[in-house]
Amino acid sequence: MRRFATIAAALLVAACSQAPATPTVSDAWVRLAAVPGRPAAAYAVLHGGAKDAQLVQITAPGVARIELHESRMTGNGMMAMDAVAALPVAAGGAAKLAPGGYHAMMFGVPATVTAGATLPLTFRFADGHAVEAAAQVVGAGEAAPH
């Protein structure tokens with residue numbers, strides 16, 4: 001009986017530590033542009049599910065379009081930014097949308113989106129799965145919320 005209890009406890013711990021079946025999103029936030037009318041940027045942490053996934057789109061109410069970008073250092077020491085079609089999210093791993101790396105550029109953000117508000121972002125994956133996350137909105141000069 002004691003051996004059964006030990007095995008059952010081990011299985012319970014293993015089940016609790018497994019990755020979720022589908023990707024999840026945490027720590028979403030948006031930094032508004034310093035100049036009104038210029039693009040804002042969105043950041044988040046993507047947590048992989050049971051199998052590899054690819055983030056292919058982010059949408060938000062009222063925002064004209066959102067593009068996935070990657071920042072990189074050029075050979076002459078300057079930063080450059082390239083649009084990317086997808087962001088890979090490894091099974092059980094994490095991928096970050098963060099300043100200086102992968103991020104989302106938000107074009108046509110409504111003037112009603114202001115610092116201190118939250119903005120719902122919908123993260124869409126190549127397999128059709130979608131996750132909504134409430135993003136905290138910060139002003140251009142404000143510190144990141146996390």
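See the structure shown above.
Residues numbered from 1 in each chain as written. Predicted model: local features only at pLDDT ≥ 70, side-chain atom pairs only at ≥ 80, totals over all residues. Heavy atoms only, no water.

A. Quick look at the overall build of the protein. Of regular secondary structure, the protein possesses one helix and 10 strands. Each helix and strand of the protein, ordered N terminal to C terminal, gives the series α-β-β-β-β-β-β-β-β-β-β. Within the protein, buried positions represent 32% of all 146 residues. (Helix = DSSP H or I, 4+ residues; strand = E, 2+ residues; numbered from the N terminus. Buried < 20%, exposed > 50% of the residue type's maximum accessible area, 1.4 Å probe, protein only.)

B. Layout of the pairing of strand E3 (residues 53-59). For E3 and strand E6 (residues 87-89), the ladder comprises three bridges, and the chain directions are antiparallel. From the neighbouring strand, Leu 55 faces E6, where its bridge partner is Leu 87. For E3 and strand E9 (residues 118-125), the ladder comprises four bridges, and the chain directions are antiparallel. For Gln 57, the partnering residue across the bridge sits in E9 and is Arg 124. (Pairing = 2+ DSSP bridges.)

C. The pattern of salt bridges, seen in detail. Inspection of every chain in the model, using the stated rule, returns two salt bridges. Residues Glu 67 and Arg 65 are paired through a salt bridge, measuring 2.9 Å at the closest nitrogen-oxygen approach. Residue Glu 67 is classed as partly exposed on the basis of its relative accessible area, which comes to 26%. Across the salt bridge formed by Asp 82 and Arg 72, the nearest N and O atoms sit 2.5 Å from each other. Here Arg 72 lies in strand E4 (residues 65-73) and Asp 82 lies in strand E5 (residues 79-83), a separation of 10 residues in the sequence. Judged by relative accessible area, Arg 72 falls into the partly exposed class, the value being 37%. (Salt bridge = Lys/Arg side-chain N within 4 Å of Asp/Glu carboxyl O.)

D. A look at the packing of aromatic side chains. Counted under the stated rule, the structure contains one aromatic pair. With centroids separated by 4.5 Å and ring planes inclined at 40 degrees, the aromatic side chains of Trp 29 and Tyr 43 adopt a geometry described as tilted. Of the two residues, Trp 29 is situated in strand E1 (residues 24-31) and Tyr 43 in strand E2 (residues 40-47); the sequence distance between them amounts to 14 residues. (Phe/Tyr/Trp six-rings, centres within 6.5 Å; stacked < 30°, edge-to-face > 60°.)

E. Here's a closer look at the side chain of His 69. Following the sequence through the fold, His 69 ends up in strand E4. His 69 gets classed as buried once you look at its relative accessible area, which sits at 8%. At 2.8 Å, the side chain of His 69 and the side chain of Glu 67 are in polar contact. Residues within four places of His 69 in sequence aside, it is in contact with Met 81, Asp 82, Ala 83, Val 84, Gly 101, Tyr 102, His 103 and Met 105. (Polar contact = N/O pair within 3.5 Å; in protein donor to acceptor, adjacent residues only side chain to side chain. Contact = heavy atoms within 4.5 Å.)

F. Spotlight on unusual backbone geometry. The phi angle at Asp 27 is positive, at roughly 55 degrees, despite the residue not being glycine. Tracing the sequence through the fold places Asp 27 in strand E1.

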